[in-house]
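Residues per chain are reported as follows:
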Amino acid sequence: MINSFGMGLGSLMLAGNGRSRAITMENPTGEKGAGGTAEGALGPSRKGAPSIRCFQKGETRVLADIQGPGVINHIWITVTDRTEQDFFVLSDIVLRMYWDEEETPSVECPLGDFFCNGFGTGCRINSMPIMVNPVRGFNCYFQMPFRKRARITVENQHVADVPRFFFQIDYTLYDEIPEETVYFHAQYRRERLTRQKEDYVILDGVRGKGHYVGTYIALTALERYWYGEGEMKFYLDGDREYPTICGTGFEDYFGGAWGFVPDQRRETPAYEEQYQTLFQGFPYFSSREENFSWRFEGACPPMRGFYRWHIMDPIYFQEDLKVTVQQMGNCHKGYFERQDDYGSVAYWYQTEPHGAFPLLPDREYRRPR
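The structure contained in this document is the topic of the report that follows. (Residues numbered from 1 in each chain as written. Predicted model: local features only at pLDDT ≥ 70, side-chain atom pairs only at ≥ 80, totals over all residues. Heavy atoms only, no water.)

Here the focus is the overall build of the protein. Helix and strand counts for the protein stand at six helices and 26 strands. With respect to the principal axes defined by its C-alpha atoms, the protein has extents near 70 × 50 × 40 Å. Considering the protein as a whole, with its 369 residues, one finds that 54% of them fall into the buried category. Taking the contacts inside the protein whose residues are at least 6 apart along the sequence as the reference set, 76% of them involve residues at least 24 apart. (Helix = DSSP H or I, 4+ residues; strand = E, 2+ residues; numbered from the N terminus. Buried < 20%, exposed > 50% of the residue type's maximum accessible area, 1.4 Å probe, protein only. Contact = heavy atoms within 4.5 Å.)

Listed below in structure tokens is the structure:
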């Protein structure tokens, strides 16, 4: 069982004893031999129910309710990105995931932000665990184990019904899950105006044993000059005043360097170079979007999206974890304290039960400027 539980290129040649299943609107329970049974305009088994046809305003839909033991291996979602009212469907739909019989979710994020698409817009992501392909094809390959039950829901907090919502959840059932297995978590936070001389908190209140595996940050710059001098900090297992792990700067944490600017001698405005790799990326910059002013009906502060996956270098904790980033910039006068608009998603695995999540910001507060 261990071989198929941790599937990868090195284990494809090994036989496994899992039982593959998939949930869609065509087979909402994932029942064996029940795929494609819905009747469509062309008759039985002819695309009878490919999507949620009308995801109503204020409605919560259960995408999956699976009895374990098992592991979710892949989630694919796409959704209409606009209605007649406005554009921000991706920030207005809330994704939640519950493991076993817990009453509070282990995952609670706006749909777009979970897939590294903040700002209510859709951009391509080409990384190892998260991929967003044309057009707004959201894919997640983080493995999500459960022993008794897995439940995934989406809530439509948009101002109108969402006409079409497509999804597929691919999972494997097993006879048992290894004892050392821990559970997947993801948490969203937002500060529309960070506090000067105070670190922005990406994650706090984590209690238990586990490892941190990723960060997504949606940053809207509200001040002039370079925004990325702040250091990433990881407070582990009782750290209080100072963290055990402290990085050297914002762009360094995301795998870049020198402000993402190829020619540091160039006069302002400097041209930041975007990039995407398996584990680190700078995929979104609003100033590079051709249709930016059309989508947002006027000038907006610069918006940037970044991801960093700790897959090859997970950050382990035995008792507790806190993750922050400093609010510091740089200009011709040197370093200075900044206040910007930060949204973030933290991704980690840990034992259950998990600590209480902060209250999810309301729809208006989550939206981009």
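Back to the text.
On to the nonpolar core. Ranked by size, the top nonpolar core spans 58 residues in total, and within it Ile-72, Phe-114, Phe-142, Met-144, Phe-165 and Tyr-347 carry the most contacts. Excluding residues within four positions of it along the chain, Phe-114 makes contact with Leu-95, Met-97, Val-107, Cys-109, Ile-130, Cys-140, Met-144, Phe-184, Ala-186, Val-345 and Tyr-347. Ranked by size, the runner-up nonpolar core spans 30 residues in total, among them Val-206, Phe-282, Ile-315 and Phe-317. (Core = buried A, V, L, I, M, F, W, Y, C linked by side-chain atoms within 4.5 Å.)

With that settled, the discussion passes to the packing of aromatic side chains. If you walk through the whole model with that rule in mind, you get 32 aromatic pairs. Between Phe-55 and Phe-165 the ring centres are 5.6 Å apart and the planes differ by 75°, which places this aromatic pair in the edge-to-face class. Taken together, the residues Phe-55 in the loop between strand 3 (43-44) and strand 4 (60-67) and Phe-165 in strand 13 (residues 165-173) connect sequence positions 110 residues apart. We note that Phe-55, like Phe-165, is buried. Ring geometry for Trp-226 against Phe-260: centres 6.2 Å apart, planes inclined by 70°, an arrangement best described as edge-to-face. Placement of the pair is Trp-226 in the loop between strand 16 (210-220) and strand 17 (232-236) and Phe-260 in the loop between helix 4 (250-253) and strand 19 (275-276), with a sequence separation of 34 residues. Residue Trp-226 is classed as buried on the basis of its relative accessible area, which comes to 16%. A cation over a ring is seen here: Arg-192 above Tyr-365, with NZ or CZ 5.9 Å from the ring centre. Across the ring face of Tyr-253, the terminal group of Arg-308 is positioned such that the distance to the ring centre comes to 5.3 Å. (Phe/Tyr/Trp six-rings, centres within 6.5 Å; stacked < 30°, edge-to-face > 60°. Lys NZ or Arg CZ within 6 Å of the ring centre and 35° of its normal.)

We now examine the environment of Arg-369. For Arg-369, the location among the structural elements is in the segment after helix 6 (363-366). With 68 residues separating them in the primary sequence, Arg-369 and Pro-301 have C-alpha atoms 7.6 Å apart. Leave out the neighbours within four places in its chain, and Arg-369 touches Arg-192, Leu-193, Thr-220, Leu-222, Cys-300, Pro-301, Met-303 and Asp-341. Among the polar contacts made by the side chain of Arg-369, one reaches the main-chain carbonyl oxygen of Arg-192 at a distance of 2.4 Å. In this structure the side chain of Arg-369 is engaged in a polar contact, spanning 2.9 Å, whose partner is the side chain of Asp-341. (Polar contact = N/O pair within 3.5 Å; in protein donor to acceptor, adjacent residues only side chain to side chain.)

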